[in-house]
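Close look at the chain arrangement
Listed here are the chains, written in short residue letters.
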Amino acid sequence: MNKVLGSILAGGAGVAAGWFVKNSKEKRSTLEENKSLLEKLKQAERKLYETGKQRDEQLKNIKNEINNKVSK
């Protein structure tokens, strides 16, 4: 009887350990996916900022050229 009970408990512990590992792995992969998505959003934001900065510089140069031609 004790051997049967021990076997049942060992099986239950194995199932519980497997379930725990599976859930931990799923959570980790979900966090990694979110992290890469967050990195993609940050990269897109940086690119948008750089593009806007370049455009601002171009507009300032055009404005300076116009002001120079008008003042001559």
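Residues numbered from 1 in each chain as written. Predicted model: local features only at pLDDT ≥ 70, side-chain atom pairs only at ≥ 80, totals over all residues. Heavy atoms only, no water.

The name given to the chain in an unreviewed UniProt entry is BRCA1-associated protein, with Oceanobacillus picturae as the source organism.

1. As for the overall build of the chain
Scanning the chain from terminus to terminus reveals one helix and zero strands. Rg of the C-alpha trace for the chain: 31 Å, well past the compact-globule value of 11 Å for 72 residues, more than 25% over. By its C-alpha atoms, the chain is 105 × 10 × 5 Å across when sized along the principal axes. Looking at the chain as a whole, 0% of its 72 residues are labelled buried. (Helix = DSSP H or I, 4+ residues; strand = E, 2+ residues; numbered from the N terminus. Rg over C-alpha atoms; globule rule 2.2 N^0.38 Å. Buried < 20%, exposed > 50% of the residue type's maximum accessible area, 1.4 Å probe, protein only.)

2. As for the environment of glutamine 43
You can see glutamine 43 is positioned in helix 1 (residues 2–71). The class of glutamine 43 is exposed, set by a relative accessible area of 53%. Taking C-alpha positions, glutamine 43 is 30 Å from lysine 63, a pair spaced 20 residues apart along the chain.

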